[in-house]
Amino acid sequence: MWAEEAVFYQIYPLGFCNATFENDGVCNENITKVIDWIPHLKKLGITAIYFSPIFESDTHGYNTRDYTKIDSRLGTNEDFAKVCKELHANGIKVVLDGVFNHVGRGFFAFQDVLKNRESSPYVGWFDRIAFDGNSNYNDGLWYEGWEGNFDLVKLNLHNEDVINHIFNAIRGWVNEFDIDGLRLDVAYCLDHDFIRRLRDLANNIKPDFYLIGETLHGDYNMIMNDGMLHSVTNYECYKGLHSSFNSMNMFEIVHSLKRQFDKDPWCLYTGKHLLSFVDNHDVTRVASILNNENHLPLIYALCFGMPGIPCVYYGSEWGFKARKEDGDPALRPSFKEPEWNKLTDYIQRLASAVHEAKALSYGDFNSIILTNEQCAFLREWEGERVLVCINASENPFYMNFDLGVASGTDLISGDKIEFNNGFEIKGYSAHYLRL
């Protein structure tokens, strides 16, 4: 499918467009601003955009008011349709955030419950409501909020009316915006039967309609399989990526990669395509979390070179810094325009390598060299071989191996490298060697 060869880019629209936190209905910057970024995205090598929540919500996007209306702080449905049309015209797919576990307090059905209580026809739309209790909002009734957050009212995904409401909205998104897939918020919380029915919808609604689920831990195969989701977020390797560089212990990330993708039958996700990332809208920016700034290009090289679908979070491609403890708005800013520097140029070359070598999208994983500060692993698919080499040390290192060839071409730099049972890799450098 198209997503398995894609390079993704994540935009958090409410931050991107400088929206106020509380939904005041005022549009400060229109979502059509994305169109101005298309030349930057194409130059970077992006082939798909994942938009974080874009529909009408109470505050941050994940407390939905209306699944059919673009958030008024971003513009109109017509504005977003124009954005999607321009993205598609430039070869960029569109994936939206599907927030189906919960809605906001402003959602019409919940407002009806607050008004009409037991007599509301929508009581069954929500997971648990107790009219003899109370909430933090002093509603005179209790309901289940996601992880105790009462601004996120948990839906009852066993209710046919709720399922039909969500599925009709998705059909509307395809008809109105021609979207290409969904990223499911807190997919690990969703009812499994609901996910199966969503996959059936995806199989029939549009060719190659792609489903990615947000997952944190556990066995991803529980919801990533032929009858459920196509892919999930690889949070296990997210942690391993930056931790391996900060602790100078490549064993951590390679252990995870071997556990997930090695050829042994006990490996969990061999042949599957998880979404790989070094940061996103929920975590500290990678430029702020790495101890050594020389590791910044290298962590992207490792992320793009390992099995998975790479995703870049807007602004991080030029090294924007922000920490989670400074609050979500710090992680989700508005930029007047995109920037381009050495890091951006480097990520462009990584993306170009992914587009050029299908082994980087489909190849298996075979660890060749592993030390505390260096790693090299082979990606091989249909006779094409790419050796991904990382040296996190400031010192050069001789990578000793014999893969039966005398030279290789580095897909990152274009240079030809001669082998003599290996080669010397410079400090703080990476190669994608096509053998």
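Values in this document were obtained by computation on a predicted structure and should not be read as measured data.

What counts, and where the lines are drawn
- Residues numbered from 1 in each chain as written.
- Predicted model: local features only at pLDDT ≥ 70, side-chain atom pairs only at ≥ 80, totals over all residues.
- Heavy atoms only, no water.
- Pairing = 2+ DSSP bridges.
- Helix = DSSP H or I, 4+ residues; strand = E, 2+ residues; numbered from the N terminus.
- Buried < 20%, exposed > 50% of the residue type's maximum accessible area, 1.4 Å probe, protein only.
- Arc of directions from axis to C-beta.
- Contact = heavy atoms within 4.5 Å.
- Expected span 1.5 Å × (residues − 1).
- Axes fitted to C-alpha atoms, helices over the stretch in contact; angles between N-to-C directions.
- Parallel < 35°, antiparallel > 145°, perpendicular 65-115°, else oblique.
- Left-handed = near helix turned anticlockwise from the far one by under 90°.
- Nonpolar A, V, L, I, M, F, W, Y, C, P; charged D, E, K, R; others polar.
- Phe/Tyr/Trp six-rings, centres within 6.5 Å; stacked < 30°, edge-to-face > 60°.
- Lys NZ or Arg CZ within 6 Å of the ring centre and 35° of its normal.

A closer look at the sheet that holds strand E13 (residues 231–232)
Strand pairing in a sheet relies on backbone hydrogen bonds, with the paired strands running either antiparallel or parallel.
Piece 1. Strand order in the open sheet formed by eight strands is E13-E12-E11-E5-E2-E1-E15-E14, with parallel pairing between adjacent strands. Both edges of this open sheet fall to E13 and strand E14 (275–277), since each of them pairs with a single strand only.
Piece 2. Alignment of strand E11 (residues 181–184) against strand E12 (residues 210–213), held across four bridges, turns out to be parallel. Bridging from a neighbouring strand, leucine 184 pairs with glycine 213 of E12.

Quick look at the pairing of strand E15 (residues 309–313)
Piece 1. Counting buried residues in E15 gives five out of five residues, a clear majority hidden from the surface.
Piece 2. The side-chain alternation of E15 yields two buried faces, one formed by Ile309, Cys311 and Tyr313 and the other by Pro310 and Val312.
Piece 3. When strand E1 (residues 8–11) meets E15, the two strands line up parallel, connected through three bridges. For phenylalanine 8, the partnering residue across the bridge sits in E15 and is cysteine 311.
Piece 4. Relative to E15, E14 runs parallel, the two being bridged by three bridges. Opposite serine 276, over in E15, you have proline 310 as the bridge partner.

Here we look at helix H5 (residues 108–116)
Piece 1. Among the residues of H5, Ala109, Phe110, Asp112 and Val113 are the ones counted as buried. Buried residues along H5 cover an arc of 155 degrees about the axis, so they all sit on one side.
Piece 2. Contacts made by the buried residues of H5 are with strand E7 (129–130), strand E8 (142–143) and strand E10 (149–154).
Piece 3. Backbone geometry just after H5 places arginine 117 at a positive phi near 50 degrees.

Brief notes about helix H9 (residues 250–261)
Piece 1. If you check H9, its first and last C-alpha atoms are 16 Å apart, about what 12 residues at 1.5 Å a residue would give, namely 16 Å.
Piece 2. Regarding H9, the residues found buried are Met250, Ile253, Val254, Ser256, Leu257, Gln260 and Phe261. Down the axis, H9 shows its buried residues gathered within 155 degrees of arc, on one side only.
Piece 3. Packed against the buried residues of H9 are helix H8 (235–246), helix H11 (296–305), strand E16 (366–370) and strand E17 (374–381).

Topic: the packing of H11 against helix H13 (residues 342–356)
Piece 1. One way to put it is that H11 packs onto H13 with a least axis distance of 10 Å and a crossing angle of 15 degrees. Relative to H13, the element H11 is oriented roughly parallel. The crossing of H11 and H13 is right-handed. Each of Leu296, Pro297, Tyr300, Ala301 and Phe304 in H11 lies in contact with H13, whose residues at this interface are Leu343, Tyr346, Ile347, Leu350, Ala351 and Val354.
Piece 2. When grouped by side-chain class, the residues that make up the contact of H11 with H13 number 11 nonpolar, no polar and no charged.

Observations concerning the packing of aromatic side chains
Piece 1. One pass over the structure, following the stated rule, counts 34 aromatic pairs.
Piece 2. The interplanar angle of 55 degrees and the centroid separation of 4.9 Å between the aromatic rings of phenylalanine 107 and phenylalanine 108 together place this pair among those described as tilted.
Piece 3. Since its relative accessible area comes to 1%, phenylalanine 107 is described here as buried.
Piece 4. With centroids separated by 5.7 Å and ring planes inclined at 75 degrees, the aromatic side chains of tyrosine 314 and phenylalanine 335 adopt a geometry described as edge-to-face. Here tyrosine 314, found in the loop between E15 and helix H12 (328–331), pairs with phenylalanine 335, found in the loop between H12 and H13; they are 21 residues apart in sequence, far enough to count as distant. For the pair formed by tyrosine 314 and phenylalanine 335, the shared burial category is buried.
Piece 5. When the ring centre of tryptophan 340 is taken as origin, the NZ or CZ atom of lysine 43, which lies over that ring, is 4.1 Å away.

Some points on unusual backbone geometry
Piece 1. One non-glycine residue, aspartate 208, adopts positive backbone phi at about 60 degrees.
Piece 2. Within the secondary structure layout, aspartate 208 lies in the loop between helix H7 (192–205) and E12.
Piece 3. Given a relative accessible area of 41%, aspartate 208 falls into the partly exposed group.
Piece 4. For asparagine 421, which is not glycine, the phi torsion reads 55 degrees and is therefore positive.
Piece 5. Positionally, asparagine 421 belongs in the loop between strand E21 (416–418) and strand E22 (422–425).
Piece 6. On the basis of relative accessible area, asparagine 421 is assigned to the partly exposed category, the value being 45%.

In short, the description is geometric, and any link to function would need to be established separately.
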